[in-house]
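One-letter residues, chain by chain:
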Amino acid sequence: MSIESPLWEVFIRGQHGTAHRHVGSLHASDAETAMNNARDVYTRRNEGLSIWVVPSNQIIASSPSQKGSMFDPSQGKIYRHPSFYDIPKVVKKI
Amino acid sequence: MYAQQVESTGSQPKSLNKMNPKERAFQERIDRGERIEPKDWMPEGYRKTLVRQMGQHAHSEIVGQLPEGNWIGRAPTLERKAILLAKVQDEAGHGLYLYSAAETLGKSRDDMTKELLSGRAKYSSIFNYPTLNWADMGAVGWLVDGAAIMNQVPLQRTSYGPYARAMVRICKEESFHQRQGFDIMMKMSFGSKEQKAMAQDSLNRFWYPSLMMFGPSDSESVHSAQSMAWKIKINFNDELRQKFVNQTAPQAKYLGLKIPDENLKWNKKTEQYDFSEPDWKEFFEVISGNGPCNIERLAARNKAWDDGEWFREGLMANASKQSKAMNAKD
Ligand SMILES: [Fe+2]
Ligand SMILES: [Fe+2]
Ligand SMILES: [Fe+2]
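Computed from a prediction, not measured in an experiment: that's the story for all the values here.

**As for the coordination of the iron ion (ligand 2)**
Residue and element names in this part refer to chain B. Those donors, Glu-61 (OE), Glu-91 (OE), His-94 (ND1) and Glu-174 (OE), are the protein atoms that reach the iron ion (ligand 2), and they lie 2.1 to 2.6 Å from it. Considering all 4 donor atoms around the iron ion (ligand 2), the spread of angles at the metal, 81 to 149°, places the coordination shape in the irregular class. For the iron ion (ligand 2), all donor residues lie on one chain, and their spacing in sequence is E-x29-E-x2-H-x79-E. The metal-metal distance between the iron ion (ligand 2) and the iron ion (ligand 1) comes to 2.6 Å. In this pair, Glu-91 and His-94 both sit in helix H4 (residues 78–103), 3 residues apart, roughly one turn of the helix.

**Notes on the coordination of the iron ion (ligand 3)**
Residues and elements named next belong to chain B. In the first shell of the iron ion (ligand 3), the protein supplies Glu-91 (OE), Asp-145 (OD), Glu-174 (OE) and His-177 (ND1), at 2.0 to 2.2 Å from the metal. Metal-centred angles of 83 to 169° between the 4 donor atoms at the iron ion (ligand 3) mark the site as irregular. Site description for the iron ion (ligand 3): donor spacing in sequence, E-x53-D-x28-E-x2-H. A spacing of 3.2 Å is found between the iron ion (ligand 3) and the iron ion (ligand 1). Residue Asp-145 is located in helix H6 (residues 135–155), and its partner His-177 is located in helix H7 (residues 161–189); the two are separated by 32 residues in the primary sequence. Classification of Asp-145 by relative accessible area gives buried; the value is 1%. Under the relative-accessibility criterion, His-177 is labelled buried at 0%.

**Here's the deal with the pattern of salt bridges**
Residue and element names in this part refer to chain B. Following the criterion strictly, the structure yields 22 salt bridges over all chains and no others. A salt bridge links Arg-29 to Asp-40; the shortest N-O distance between them is 3.1 Å. Placement of the pair is Arg-29 in helix H1 (residues 21–31) and Asp-40 in the loop between H1 and helix H2 (44–63), with a sequence separation of 11 residues. We classify Asp-40 as partly exposed; its relative accessible area is 23%. One salt bridge in this structure joins Asp-145 and Lys-87, with 2.9 Å as the shortest N-O distance. Taken as a pair, Asp-145 in helix H6 and Lys-87 in helix H4 lie far apart in primary sequence, 58 residues in all. Linked through salt bridges whose partners overlap, the residues forming this network are Arg-29, Arg-32, Glu-34 and Asp-40.

**Observations regarding the interface of chain B and chain A**
Many authors give the size of an interface as the accessible area that is lost as the parts come together. Each side of the interface is counted separately: chain B has 22 residues, and chain A has 19 residues. Both sides of the chain B and chain A interface together cover about 1900 Å² of buried area, and 62% of this is carbon and sulfur. Of all residues in chain B, Arg-165, Phe-176 and Arg-179 of chain B bury the most surface against chain A, accounting for 31% of the area lost on that side. Along the contact surface separating chain B from chain A lie 1 salt bridge.

**Observations regarding the packing of aromatic side chains**
Applying the stated criterion across every chain, the model contains 16 aromatic pairs over all chains. Here the aromatic rings of Phe-26 of chain B and Trp-41 of chain B are separated by 6.0 Å at their centres, their planes lie at 85°, and the arrangement is edge-to-face. In this pair, Phe-26 of chain B sits in helix H1 while Trp-41 of chain B sits in the loop between H1 and H2, placing the two residues 15 residues apart along the sequence. With a centroid separation of 5.8 Å and an interplanar angle of 70°, the aromatic rings of Trp-142 of chain B and Phe-182 of chain B are classed as edge-to-face. Here Trp-142 of chain B is found in helix H6, whereas its partner Phe-182 of chain B is found in helix H7, with 40 residues between them in sequence. Cluster of aromatic residues (ring-pair linked, three or more members): Tyr-79, Phe-84 and Tyr-85 of chain A together with Phe-176 of chain B. Across the ring face of Trp-71 of chain B, the terminal group of Arg-74 of chain B is positioned such that the distance to the ring centre comes to 4.4 Å. Note that Arg-312 of chain B overlies the ring of Trp-305 of chain B, its terminal NZ or CZ placed 3.5 Å from the centroid.

**Let's talk about the packing of H6 of chain B against helix H10 (residues 237–255) of chain B**
Residues and elements named next belong to chain B. Orientation of H6 relative to H10, taken along the N-to-C sense of each, is 145°, at an axis distance of 10 Å. In this structure, H6 meets H10 at a crossing whose hand is right-handed. Contacts from Trp-142, Leu-143, Gly-146, Ala-147, Met-150 and Asn-151 of H6 reach H10 at Leu-240, Lys-243, Phe-244, Gln-247, Thr-248, Gln-251, Ala-252 and Leu-255. Here the residues of the contact of H6 with H10 sort into 8 nonpolar, 5 polar and 1 charged.

**Description of the layout of surface pockets**
Put simply, the largest pocket is a space of about 600 Å³. If you trace the largest pocket, you find 22 residues lining it, with Arg-13 and Trp-52 of chain A together with Glu-37, Pro-38 and Arg-165 of chain B closest to the centre. Listed by contribution, the elements that provide at least two residues to the lining of the largest pocket are strand S3 (50–55) of chain A together with H4 and H7 of chain B. The dominant element in the lining of the largest pocket, judged by the number of residues it contributes, is H7 of chain B, at 4 residues. A per-class count over the lining of the largest pocket returns 9 nonpolar, 5 polar and 8 charged. Along its surface, the second largest pocket is lined by 28 residues, and Ala-3, Gln-4, Gln-5, Val-6 and Lys-233 of chain B are the ones closest to its centre.

What counts and how
- Residues numbered from 1 in each chain as written.
- Chains lettered and ligands numbered in written order.
- Predicted model: local features only at pLDDT ≥ 70, side-chain atom pairs only at ≥ 80, totals over all residues.
- Heavy atoms only, no water.
- Donors = N, O, S within 2.8 Å, 3.2 Å for Na, K, Ca; no water.
- Tetrahedral: all angles 85-135°; square planar, octahedral: opposite > 155°, others 65-115°.
- Helix = DSSP H or I, 4+ residues; strand = E, 2+ residues; numbered from the N terminus.
- Buried < 20%, exposed > 50% of the residue type's maximum accessible area, 1.4 Å probe, protein only.
- Salt bridge = Lys/Arg side-chain N within 4 Å of Asp/Glu carboxyl O.
- Contact = heavy atoms within 4.5 Å.
- Buried area = accessible area lost by both parts, 1.4 Å probe.
- Phe/Tyr/Trp six-rings, centres within 6.5 Å; stacked < 30°, edge-to-face > 60°.
- Lys NZ or Arg CZ within 6 Å of the ring centre and 35° of its normal.
- Axes fitted to C-alpha atoms, helices over the stretch in contact; angles between N-to-C directions.
- Left-handed = near helix turned anticlockwise from the far one by under 90°.
- Nonpolar A, V, L, I, M, F, W, Y, C, P; charged D, E, K, R; others polar.
- 1 Å grid on protein atoms, 1.4 Å probe; cavity = no way out; pocket = protein on both sides within 12 Å on 5 of 7 lines; lining within 4 Å.
- Points joined across faces, edges and corners; volume = space filled by probe spheres on them.

Printed below as a string of structure tokens:
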């Protein structure tokens, strides 16, 4: 094999009003082919209203080994949740 | 509301049979409850009105950090300080979500920033009032975020997809804002005589400005009629104001505080509260730049922007140096 065609990540908007969701990836030589392939592979049963394809190497992902330092700091901040505050039941609509 | 002065096209919405086929197909999608997405065709007026509305909303979130930011360094306990900091941080996030949603319509962030800093863009009148005592942090969360929620909940169903999705995120975060405010109000109202007096003073000052947040009556407004046909506005201003009063009056009663309105009383016939309108002359003064804090707020935003310039430029210079170095290696 000479040159491998690049990898693309595929995002589909399944329903009106929802955001695009990652559904998988595929190889394709260029953006247009990636789009066509995404349609053929991921929307055969009418699953999509809109497709995004993004070159995989353009995605900057957080690293699993840094999970702790990335996400632990928000764990201690329970006051960011409405349930942290005791509001008596007699007070309505708050 | 957060966008109190959105001028739409200025004319009555066209009826379906007066529309050209494109406009008609567009309106029918909206009538069916479909969402419009960035790449869809849309009338120029829809795009312009939305950009203006989301811009005003975003600016309000950003300027809205200032009155509360004022108390972060003087919060009475470390816990209150952490909570207030978290809330102000959320508001910055709300500004970001909304600016991003507006950018999907081709408006650049720098343009919007320039419009705010030059005073050309509007933001909610409420943030031009000062926060004078600690109970104001309670009143702001309870009343100001409470009024904001009232407006933002229906906007989750607005016709523009990115705006609606931003609203869903925002609404999830707002509930904490209102509850922490009410929690402060409880502490103050049920505390010492002095604390209760501070809570009452705060309610006195924030009541009418909160009612103004919904904007003047617009049941006759052509701007609102068009925006409602496009579902970028869901309710009339008076409707939401009434709902807000109905919900807030019993809460004030629970706190043992008096809403500063002699005419406020339950009307058995209408099953709503009767209440006095705010002073709309004052509202128009504040929204056109002459409120108690307009100059201070804009000065603070301009200073933050100017002070950050060397840093923004440094970051971009560093990034371009790095990418040059990378290219040289390849
Ligand atoms: Fe807000
Ligand atoms: Fe907010
Ligand atoms: Fe808020």
